[in-house]
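# Reading the structure
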Amino acid sequence: MLLRRFESIEKTDNGYLVKGDSAFAKIIFLTDDIIRIRVSFDGKFRESSYALVTTAWDDDLDELLKDERKRINALDVPCEDKGNEIVFSTSSLTLVLNKAPFHFRLYDSSGDLIYSDLPERAFDKDQLGRLSHYSRVDREKDHFYGFGEKTGHLDKKGRHMRMSPKDAIGHDPETGDPMYKHIPFYIRINEDQQKALGLFYNNSYDAVFDMCSEISGYWERYSFYQTDGGDIDLFLINGPSMKSVIDRYTFLTGRPAMPTKQAIGFTDSTMYYAELDKDCDKEIYKVIEKHFKENIYIDNFWLASGYSSGEKDNLRYVFNWNKKRFPDPKAFFDKMNEMGINVIPNLKPGILKHHPYIKDFEKADAFIKAPDGKSDYYGRWWGGTGRFVDFTSPSGRNCWKELLKKNILEMGTKTVWNDNCEMDGVEDREARCSKEGMGSDMAELKIIHSNMMAYLAKEAIAEVYPNERPYIINRAGYAGIQRYAQVWGGDNLTDWRTVKFNIATIMGMGLSGCPDMGCDIGGFAGPAPGPELLVRWIQNGIFQPRFCMNSANNDNTVTQPWMYEEMLPYVKAAFAQRYRMIPYLYSQMYQAYLTGVPAMRPLFLEFPEDRNCYNDKLLTFMFGPALLVANVVEEGAETRRIYLPAGTCWYDMNDNMRRYDGGQTIEIPVDISSIPMFLRGGSVYFTSEDIHHASTDRIHTLDFIISADSDTSAVFYDDDGHTKDFEKGVFARTGITVKAGERKVISFHREGSFIPEVEKLTMKVVSPDKGAYWVSVNDRRLPQYIIREAYDEADEGWFYNLSERTIMLKTAMPEECDFTIVVSTEKFDLIGMAEDE
């Protein structure tokens, strides 16, 4: 059933209602840059979204999400009837409704066409009840990014992808589909036009995205979205920059949660540690002590589900404690906390018939129901047939929450790890769920359970630890999961292709509003990684926000950082680099919390004017705005090809800051120690050698590297790392601005009431042409040193490093919130031969 023709339009309290020959359409201008077009073939338009936190209409879930959701007033946009077209204009966009054939076009304020439905085939409902939306595309020049968690290269042009989350253990990293997440959002951009547009489909039914894979000779080239139910509920999100699209998408579905510092420290895990016959706690203590002994830094320990196994049958019973393996769980948590290690127990939503808390669940009527809506639904689960908690049911959530508080959180952890939450064991899509008492089926709500599992974890943490920042980890998730949880890429395959394509998977999630993402280092499913693969995986893992090693090897081995003694120096060096970068990474995660823009970003996010970046398949990435990273991801590689984006110059941080012009592909030699990193011209990068334990160590010396090729700026952010006090202004946000020129002026401005413990500041200012004339801090000249050893021994001063061509300086951190460092490279008349003016 095609929607072919327009019939009428009427004004509503927040937009327009359009009647067509076979369907209705609502048009709402949420802001100048966000337009909602909702096409319904039944005309019911019920509002009950778990995803949205910004609305301009009444919604059935307003009360449930009252602490998250904000109601705004939609724009009152006039329309103009021009015969076969109706035109709506905001300050940024012009939306055109073509009456026959029925379709929409979108223009920006310059009059450029940035989006069009496929005429004569825009909206369709087929004989199976599936709804489709078709869009025109330019097969050669359009690119498509996002779609949540997907395999293969970042650009999904030519792909046919399903949104139907599965327990995708050991998936192919290049072609596997579907995965664990369902995020029906993507960004499209034409490499010539370079104006980004986001498309978000507010619909949780299983869906398909075909991005110009399908071809029909009767039509122009097209892409399509097809969903099993609901409406075509489309939000068109203007850029024109990709960063603006991500900002507006997370304005709509929720800002990413601000992580704790502990959350970006290393997490160790393997299923093996919790599967010993007895005394797993003692074995885990030895693992932590080994980390300390080898200086392989660690902050967290993922406790696999073996802790919950029944002592007689070894079946998983969530919230249960196997006393043979963990004789005194509270004492185990106490000791691990004393060691500075955050224990994170695994939680799974399936309940077997002999579960020790089965009566609690039954009394709460906590389970998803069979299609008859009366009896509990039974499906496939770990160890046999199981039932599944209904996380859209207030009573189900409350039952789970009370057990979570008593058996996990009150033991001494502030972190929740939600596993297997894609609910893949509920095969029947007609199984019934509460949906907050309104009733619906798993066809609509299957993926919603994962978000609500995280929602109630946030509630539970707040009830046990009222001022603590929630740290929640989810394997599955729907749009909006970013406002609750860190996520990971599930049970990835131990394979060289995985370490490579996981880079694109993480960047795709970042473009989908989920910047706090990582994939298991070393691989989860398959044999142990070989020595070279392990090192290369760790060298990439240090840039992932979630830095975790987790495995269930099928060859009776355990993946551990020290598993190959000959590789230990390279492993230690990589871990040291991760912890050295924590001040920079934490600052990037703060920016993600504000705008959604991720730390790990594709080149085109920083260099949208360089069309080569849209087609780059070398799997390099920007780490924040300052660094380009080109991990070695090919077995036996002796060189690494790297495209350096145009518009700036680049400095090789592993080759004495060797300078390269942008806009070229280079090939550099590499060995097993190589982590190729390039500093962007006109950027600010900062690290510290003081952080060996993310949650407790404080920065005393802050080290900057600045390339002042052009004016630039950056933000260094710090707070206590674990409480909600930052929401009340208890933070230190230091803006750093750099004015380029012969006299480089570097200004610092600190805001917030948090008092950092930084005592000393060091700086390298890249200056390839010449050294400094003088250096000052707040107009006070620093002493110059000609001999490097004398500079190293001094408390303050500056020195020109000819090997790196950097001006090195160090000084005590000024007490003032605002201070200025000036590095002069002006001409110096050494022998008094300057001509008189």
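Per an unreviewed UniProt entry, the recorded name for the protein chain is DUF4968 domain-containing protein, and the organism is Candidatus Ornithospirochaeta stercoravium. Recorded in UniProt for the protein chain, the comment headed Sequence similarities (unreviewed entry) runs: "Belongs to the glycosyl hydrolase 31 family."

## With respect to the packing of helix α2 (residues 280-294) against helix α3 (residues 329-338)
The interhelical angle for the contact between α2 and α3, taken along N-to-C directions, is 5°, at an axis separation of 11 Å. By the angle between their axes, α2 is roughly parallel relative to α3. On the side of α2, the interface is formed by Asp 281, Ile 284, Tyr 285 and Ile 288, while α3 contributes Ala 331, Phe 332, Lys 335 and Met 336. Taken together, the residues of the contact of α2 with α3 break down into six nonpolar, no polar and two charged.

## Regarding the packing of aromatic side chains
With the rule as written, the count across this model stands at 57 aromatic pairs. Note on Tyr 584 and Tyr 685: the rings are 5.0 Å apart at their centroids and 75° apart in plane angle, and the pair reads as edge-to-face. Linking Tyr 584 in helix α11 (residues 582-595) with Tyr 685 in strand β46 (residues 683-687), this pair joins segments that are 101 residues apart in sequence. The same class applies to Tyr 584 as to Tyr 685, namely buried. The rings of Phe 543, Tyr 584, Phe 621, Phe 623, Tyr 685, Phe 686, Phe 704, Phe 716, Phe 748 and Phe 819 are connected pair by pair, giving a single aromatic cluster. Across from the ring centre of Tyr 16, 5.1 Å away, lies the NZ or CZ of Lys 11, which sits over that ring.

## Observations regarding the pairing of strand β20 (residues 222-227)
By the criterion of burial, β20 is predominantly enclosed, with six of the six residues buried. Side chains Tyr 222, Phe 224 and Gln 226 project from β20 onto one buried face, and the interleaved Ser 223, Tyr 225 and Thr 227 project onto a second face that is buried too. The pairing of strand β13 (residues 131-136) with β20 spans six bridges and is classified as antiparallel. Across the sheet, Arg 136 pairs through a bridge with Tyr 222, a residue of β20. Pairing analysis gives four bridges linking strand β19 (residues 207-210) to β20, with the strands arranged antiparallel. Of the residues in β20, the one forming a bridge with Asp 210 is Phe 224.

## Digging into the environment of Asn 322
Inspection of the secondary structure puts Asn 322 in the loop between β23 (300-303) and α3. For Asn 322, a relative accessible area of 3% translates into the label buried.

## With respect to empty space enclosed by the protein
Using the criterion set out here, one finds five cavities of 30 Å³ or more in the structure. The space that makes up the largest cavity amounts to roughly 130 Å³. As for the largest cavity, its lining consists of 17 residues, and the residues nearest its centre are Ala 257, Tyr 484, Ala 485, Gln 486 and Asp 516. Mapped by element, the contributors of at least two residues to the lining of the largest cavity are β31 (471-474) and β33 (486-488). When grouped by side-chain class, the residues that make up the lining of the largest cavity number 13 nonpolar, three polar and one charged. Within this model, the second largest cavity holds a volume of roughly 90 Å³.

Basis of the calculations
Residues numbered from 1 in each chain as written. Predicted model: local features only at pLDDT ≥ 70, side-chain atom pairs only at ≥ 80, totals over all residues. Heavy atoms only, no water. UniProt positions renumbered as here; feature names shortened; annotations may be inferred. Axes fitted to C-alpha atoms, helices over the stretch in contact; angles between N-to-C directions. Helix = DSSP H or I, 4+ residues; strand = E, 2+ residues; numbered from the N terminus. Parallel < 35°, antiparallel > 145°, perpendicular 65-115°, else oblique. Contact = heavy atoms within 4.5 Å. Nonpolar A, V, L, I, M, F, W, Y, C, P; charged D, E, K, R; others polar. Phe/Tyr/Trp six-rings, centres within 6.5 Å; stacked < 30°, edge-to-face > 60°. Buried < 20%, exposed > 50% of the residue type's maximum accessible area, 1.4 Å probe, protein only. Lys NZ or Arg CZ within 6 Å of the ring centre and 35° of its normal. Pairing = 2+ DSSP bridges. 1 Å grid on protein atoms, 1.4 Å probe; cavity = no way out; pocket = protein on both sides within 12 Å on 5 of 7 lines; lining within 4 Å. Points joined across faces, edges and corners; volume = space filled by probe spheres on them.

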